[in-house]
Amino acid sequence: RGALACVVYVSEGRRMDVLKAIESVALSKRITTKPNDMKTKRDDDDETYNNNAVKLVKTFIDEPYNRTGFTFAVRTDDDFDDAVNGGDNSALVVLDGKAKNERRKKKVSRLIANRVHEVATSAFMEIGSFKKHSATHPRLGIVDHVSVHPIGTCDMDAAKEAARAVGRRFGDELGVNAYMYGHATMVKGGDDGIGGEASANSAREKDTESNRERRELAEIRRKLGYFSANGANETWVGASDVYDRMQKWEVKPDFGSSEKSDVEEKGVCCVGAVPFVVNYNVPMICELSDESQEKLALDLGKQIAKRVSQRNEIDGLPNVQSMALMRTTTTPSTPSPSRQNNKMEIEIACNLLDETSSTTRIQVQKKIEELMPELLVENVLRGVKLNGASCQIGQGYVTNLQPQDFLDAVSSTSSDDTAS
């Protein structure tokens, strides 16, 4: 079995009426025919597709971080044709296996791009200006991130084509500046982005030359200030200096206008195709004697995240990206860190880039638990006064589905498309 998974992260997690409006679009079911005047020479003759083939399999509302992830999946194996064509596959009978797979891949990319486009359009309309947004979780835009992942027998080419279709529509139709990463990285002079009109064969050859050709998500985020809080109490407020950083970076958006007004109102979006990524967050609960120790607790969390990350060449964990965040339980009118009964919660947020053949969540949990007492001692030896403050590591949790969950979800004939 095979499936293509796509996660759309939007910068809203507190206004339930807004999220319900966006989710209603994500759950919509209909059969759509692309108007003749919108077809291009790249389109197949048959432009009718069944939106029901793309299922919303999970909505993860993270109120403390003011962020929500909508996760979609669509089948990519032989049963995909039944889902899209309503069981009538007569048009495909005359095609050989390779041609059939290529046609299917194009349809899958359009299905994903259309569904993401619909959700993004709703998000921009419902959430409003990026200038007014604030959170204790970093973000670069109203629609902050779209990641596409091949599952099971699905190959990376399908994910790459779908991600590029999303980025192209973001730039052409929504005025959103999109940076592509992973296998969807656009090669300068390639056939799809703003870099020129070189041949498709040229772009494909460069895609497979070396992993060094592929831009990493962390690189884009670092260049655009994603990891640098610009508000009080470790918060991210408004558009920050994203536009100024874009001007200083030699890499321009792959799609979009690069206009300052677009960046300030909508932000930018990172869109990529990569192997499945596990989001694993480990809570750190600190008991503090007074407010002055809040910085101490956050600094300790940052030290742990730095030691866990693959960027730590001494004893960091391979294929793990991590950062420390203050987890809040707030309303939009009280955006202060959570500190109830002298307790404060920090999270070590980790991306496991390859859990199948590299670092697992069990290893991450163990590493963080071992680092806590070690770093407390190191801080005391450096003269940091704890004054009775103490911290404990809680059990980590995943925020997304696992590969088998996607395969089960797209194979189900249930009318309920949403996984809790």
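Our structure is the block above this text.
Conventions used here
Residues numbered from 1 in each chain as written. Predicted model: local features only at pLDDT ≥ 70, side-chain atom pairs only at ≥ 80, totals over all residues. Heavy atoms only, no water. Phe/Tyr/Trp six-rings, centres within 6.5 Å; stacked < 30°, edge-to-face > 60°. Helix = DSSP H or I, 4+ residues; strand = E, 2+ residues; numbered from the N terminus. Buried < 20%, exposed > 50% of the residue type's maximum accessible area, 1.4 Å probe, protein only. Lys NZ or Arg CZ within 6 Å of the ring centre and 35° of its normal. 1 Å grid on protein atoms, 1.4 Å probe; cavity = no way out; pocket = protein on both sides within 12 Å on 5 of 7 lines; lining within 4 Å. Points joined across faces, edges and corners; volume = space filled by probe spheres on them. Nonpolar A, V, L, I, M, F, W, Y, C, P; charged D, E, K, R; others polar. Salt bridge = Lys/Arg side-chain N within 4 Å of Asp/Glu carboxyl O. Polar contact = N/O pair within 3.5 Å; in protein donor to acceptor, adjacent residues only side chain to side chain. Contact = heavy atoms within 4.5 Å. Pairing = 2+ DSSP bridges. Axes fitted to C-alpha atoms, helices over the stretch in contact; angles between N-to-C directions. Arc of directions from axis to C-beta.

Asker: Explanation requested: the packing of aromatic side chains in the structure shown.
Answerer: Each aromatic ring pair is described using two quantities: the centre-to-centre distance and the angle formed by the ring planes. Across all of its chains, the model carries three aromatic pairs by this definition. Ring geometry for Y179 and W249: centres 5.4 Å apart, planes at 25 degrees, overall stacked. With Y179 in strand β8 (residues 177-182) and W249 in the loop between α7 (242-248) and α8 (260-266), this pair connects stretches of sequence that are 70 residues apart. Summarising the burial analysis for this pair, Y179 and W249 share the class buried. Consider the rings of Y226 and F227, whose centres lie 5.1 Å apart with planes at 80 degrees: the pair is edge-to-face. Here the basic side chain of K266 rests over the ring of F124, its NZ or CZ set 5.7 Å away from the ring centre. The positively charged end of R327 is found above the aromatic ring belonging to Y65, 5.0 Å away from the centroid.

Asker: Hey, could you run me through empty space enclosed by the protein in this one?
Answerer: To find the voids left in a structure, one rolls a probe of water-molecule size over its atoms. A full pass over the atoms with the stated rule returns five cavities of 30 Å³ or more. Of the voids in this model, the largest cavity is the one considered here, and its volume is about 60 Å³. Together, 13 residues line the largest cavity, and R139, G225, W236, S240 and V242 are the ones closest to its centre. Residue composition of the lining of the largest cavity, by class: seven nonpolar, four polar and two charged.

Asker: Explain the pattern of salt bridges to me, please; I cannot follow it from the model alone.
Answerer: Where charged atoms of side chains with opposite charge meet at close range, the side chains can pair. Scanning the entire structure with this criterion turns up 23 salt bridges. Between E102 and K105 there is a salt bridge, with its nearest N and O atoms 3.5 Å apart. Of this pair, E102 and K105 both sit in helix α3 (residues 97-127), three residues apart, which is roughly one turn of the helix. Taking the relative accessible area as the measure of exposure, K105 reaches 12% and is therefore buried.

Asker: I keep staring at unusual backbone geometry and nothing clicks. Help me out?
Answerer: Trans peptide bonds make up the majority, and among non-glycine residues the majority have a negative phi. Even without being a glycine, N233 presents a positive backbone phi close to 55 degrees. With respect to the helices, strands and loops of the structure, N233 is situated in the loop between α6 (217-223) and β9 (236-237). Backbone geometry places N319, a non-glycine residue, at a positive phi of 60 degrees. Tracing the backbone shows N319 in the loop between α9 (294-308) and β12 (320-326). For N319, a relative accessible area of 28% translates into the label partly exposed.

Asker: Any chance you could explain the side chain of D144 here in plain terms?
Answerer: Along the chain, the position of D144 falls in strand β7 (residues 143-152). A distance of 3.2 Å separates polar atoms of two side chains, one belonging to D144 and the other to R67. If we skip the residues at most four places from it in the chain, D144 touches Y9, S11, R67, R139, R221, Y226, V268, C269 and C270.

Asker: It is not clear to me how the sheet that holds strand β10 (residues 268-273) should be interpreted in this structure. Could you clarify?
Answerer: Paired through their backbone hydrogen bonds, the strands of a sheet run either parallel or antiparallel. The strand order across the open sheet formed by six strands is β4-β5-β1-β7-β10-β8, and the pairing between neighbours is mixed. Both edges of this open sheet fall to β4 (55-62) and β8, since each of them pairs with a single strand only. Put simply, the sheet's adjacent strands are angled 15 degrees from each other on average, direction ignored. Pairing analysis gives six bridges linking β8 to β10, with the strands arranged parallel. Bridge pairing in β10 links M180 to V271.

Asker: It is not clear to me how helix α1 (residues 16-26) should be interpreted in this structure. Could you clarify?
Answerer: Spacing of three or four residues puts side chains on the same side of an α-helix, whose turn is 3.6 residues. Of all the positions in α1, only V18, L19, I22 and A26 are classed as buried. Angular distribution of buried residues about the axis of α1 spans 95 degrees; they occupy a single face of the element. Relative to its buried face, α1 has exposed residues pointing more than 90 degrees away, namely D17 and K20.

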